[in-house]
Amino acid sequence: MTTTASEGRLILRQKRATRITHWIWAISLFFLIASGLQIFNAHPALYLGKESGFAYDNEIFSIDAMPWWLTIPSTRDLATGRVVHLFFAWVFVINLFIWFIASLINRHLRKDLLPNRKDVQNFGQDVKDHLRLNLVHAVRYSPLQKLAYGGVLFVLFPLIILTGLCMSPGMNAVLPWLPELFGGRQTARTIHFLVMALFVLFFIVHIAMIILAGPLNELRSIVTGRYRLSPRTKKEAAHV
Amino acid sequence: MSKLILNRRKLLRAGLATAATLPLAGCDAFDFLTDRSNPVREWMISINGLTYRAQRALQAADQLAPEFSQADIRQGQKPNGSTDPDTPDYLSLKEKSFADYRLEVDGLVEHPTRFSLDQLRNMPSRTQITRHDCVEGWSTIAKWQGVPLRQILDQVGVKPAARYVMFHCYDALSRSLSGIELYYESIDLIDARHPQTILAYAMNDAPLPVANGAPLRVRVERQLGYKMAKYIRRIELISEFSQVGGGKGGFWEDRGYEWYAGI
């Protein structure tokens, strides 16, 4: 690849396993959220505790229904919502497993995601850069990127799976302590819903950052793997 | 020929344009999945069979569902589905406080037997405080007392060909032009022989109320509520359920719900 003065180097940013698993997650989360909202509409209320209070009040949220255009299928159909949700739950979990093994082998975990001392040192500067929308295309993720991706991969993904398992009576027999860990099955269901909302929040920020950072370059890096770096200033070059 | 070769930039642009139409198409783009015989839906259901296999592999056969303490009983059991059956057979039984009730156990058994409520009440019983999880998402905790189904099965003698236990019920949850459709459900012999699978005649220290399935309902604690048939008339041991009802093993199964409801 040729490097010009105005453009930075073109590098192979994302390995194939990272790219494929990214898109499988994107598709499965789309179906999981929309079918999950269909399931939610069967009883659109959230509670805290082991059970749902009908003779007493432990409800913390309720609405009439999620709008039809947010649910899969669009009509009220719990049975189909469950078929879609449980199918993509398997896709999601198997994908996470494949991603984890592949990322151990191709060192994506250690090289790209694991925070190091430099990330701690650069954290304040990275926050300032992001606030100024001064987004640098570097070889490695910035500290805030590591925090966001790490939060999704290592906090939200395990949380959504574990709280999902809490809702399974079959798994309750295998892991009776799991719902208790979250404060009861209904609290686990509430957390499952909140984590879904955090996925939506992450998605909004994720898309906004891609648009701000240059959508074609960013999208190319997660489709073909190729990513053009920011041209290096003399000052930056001196730091490497 | 060279016109057919897209460069990366064009490919990206095409991808973006396609992605942009997704929200416009809306979620009704996937409404074909509501068709109960759609091949994509059927394929998804076959993959979901992993859940049954995984859970059965992880569960010890006798592994218990969580049980709760007396202090956890804070309300009655929320009734759902049929709450006051009005089929003639049921009404005449109810009129006499179920004195004439007989549970029929037949099918692939050595000794087809009829049990009166008194006979059932005089058998060794099991009492358990468990959480009932509805497929809709809510849960309620209640105390159940009844005869372990395993005892009944041992008494009538299950033939080797039997694979499922089918519950035929008194209540009609659906009425169509072709007539009433009585509720029915089925479970495998692993769940049927599970220690917590009981034919309950009492709830929260009182006789089972009509709203909750009087005189007899089944508890299948490792599955969702729709498996726990109420108003049981007859228990039939069968080798396959394809010839019964809609052929899917239960009232809700015939309406698109999955037969295994451990999740």
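In short, a report on the structure. Because the structure is predicted, anything quoted here is derived from the model rather than measured.

Basis of the calculations
- Residues numbered from 1 in each chain as written.
- Chains lettered and ligands numbered in written order.
- Predicted model: local features only at pLDDT ≥ 70, side-chain atom pairs only at ≥ 80, totals over all residues.
- Heavy atoms only, no water.
- Helix = DSSP H or I, 4+ residues; strand = E, 2+ residues; numbered from the N terminus.
- Buried < 20%, exposed > 50% of the residue type's maximum accessible area, 1.4 Å probe, protein only.
- Areas by Shrake-Rupley, 256 points an atom, 1.4 Å probe, with all protein chains shown as cover.
- Lys, Arg positive; Asp, Glu negative; His and termini not counted.
- Charge placed at Lys NZ, Arg CZ, Asp CG, Glu CD.
- Pairing = 2+ DSSP bridges.
- Contact = heavy atoms within 4.5 Å.
- Buried area = accessible area lost by both parts, 1.4 Å probe.
- Salt bridge = Lys/Arg side-chain N within 4 Å of Asp/Glu carboxyl O.
- Axes fitted to C-alpha atoms, helices over the stretch in contact; angles between N-to-C directions.
- Left-handed = near helix turned anticlockwise from the far one by under 90°.
- Nonpolar A, V, L, I, M, F, W, Y, C, P; charged D, E, K, R; others polar.
- Phe/Tyr/Trp six-rings, centres within 6.5 Å; stacked < 30°, edge-to-face > 60°.
- Lys NZ or Arg CZ within 6 Å of the ring centre and 35° of its normal.

**Regarding the overall build of chain A**
When helices and strands are tallied, chain A shows 10 helices and 4 strands. The secondary structure elements of chain A, listed N-terminal to C-terminal, are β-α-β-β-α-α-α-α-α-α-α-α-β-α. Along the first, second and third principal axes, the C-alpha set of chain A runs to 70 × 35 × 35 Å. Looking at chain A as a whole, 48% of its 240 residues qualify as buried. In the structure as shown, chain A presents an accessible area of about 12,600 Å², 69% of it carried by carbon and sulfur atoms. Each charge class in chain A can be summarised by its mean position, and for the 25 positive and 13 negative side chains these summaries are 15 Å apart.

**Structural notes on the pairing of strand E10 (residues 232-238) of chain B**
Residue and element names in this part refer to chain B. Counted residue by residue, E10 has 5 buried out of 7 residues, so it is predominantly covered. Relative to E10, strand E1 (residues 102-107) is paired through 4 bridges, and the arrangement is parallel. Considered in E10, the bridge of Asp106 is made with Glu236. Bridge analysis of strand E5 (residues 164-176) against E10 gives 6 bridges, and the strand direction is antiparallel. By the bridge assignment, Tyr164 is partnered in E10 with Ile238.

**Notes on the interface of chain A and chain B**
Often, the extent of an interface is quoted as the loss of accessible area upon association of its parts. Across the boundary between the two partners, chain A contributes 50 residues, which contact 53 residues of chain B. Carbon and sulfur atoms make up 66% of the surface buried where chain A meets chain B, a total of about 4,600 Å² over both sides. At the boundary of chain A with chain B, the tally comes to 3 salt bridges. The shortest N-O distance in the salt bridge between Arg185 of chain A and Asp133 of chain B comes to 3.4 Å.

**Describing the pattern of salt bridges**
By the definition in use, this model includes 24 salt bridges over all chains. If you follow the salt bridges from partner to partner, you end up with Arg56, Asp188, Asp191 and Arg222 of chain B in one network.

**Regarding the packing of helix H2 (residues 78-105) of chain A against helix H5 (residues 143-166) of chain A**
All names here are of chain A. Running from N to C, H2 and H5 point in directions that differ by 145°, and their axes come no closer than 11 Å. The hand of the H2/H5 crossing is left-handed. Touching Phe92, Val93, Leu96, Trp99 and Phe100 of H2 are Leu153, Phe154, Phe157, Ile160 and Ile161, all from H5. Along the lines of polarity and charge, the residues of the contact of H2 with H5 split into 10 nonpolar, no polar and no charged.

**Thoughts on the sheet that holds E1 of chain B**
Residues and elements named next belong to chain B. Pairing is mixed in the open sheet, where 5 strands are placed in the order E2-E1-E10-E5-E6. Only two strands of the sheet have a single neighbouring strand rather than two, namely strand E2 (113-116) and strand E6 (179-188). The mean angle between the axes of side-by-side strands here comes to 25°, regardless of whether they run parallel or antiparallel. In the sheet, E5 pairs with E6 via 9 bridges, with the strands oriented antiparallel.

**Considering the packing of aromatic side chains**
Tallied over the full model, the rule gives 32 aromatic pairs over all chains. Considering the side-chain rings of Trp99 of chain A and Phe154 of chain A, the 6.1 Å spacing of their centres and the 50° angle between planes classify their relative orientation as tilted. Note that Trp99 of chain A is positioned in helix H2 and Phe154 of chain A in helix H5, a separation of 55 residues in sequence. Classification of Trp99 of chain A by relative accessible area gives buried; the value is 2%. Every member of this aromatic cluster is reached through a ring pair, and the members are Trp25, Phe92, Trp99, Phe100, Phe154, Phe157 and Phe199 of chain A. A cation over a ring is seen here: Lys78 of chain B above Trp138 of chain B, with NZ or CZ 5.3 Å from the ring centre.

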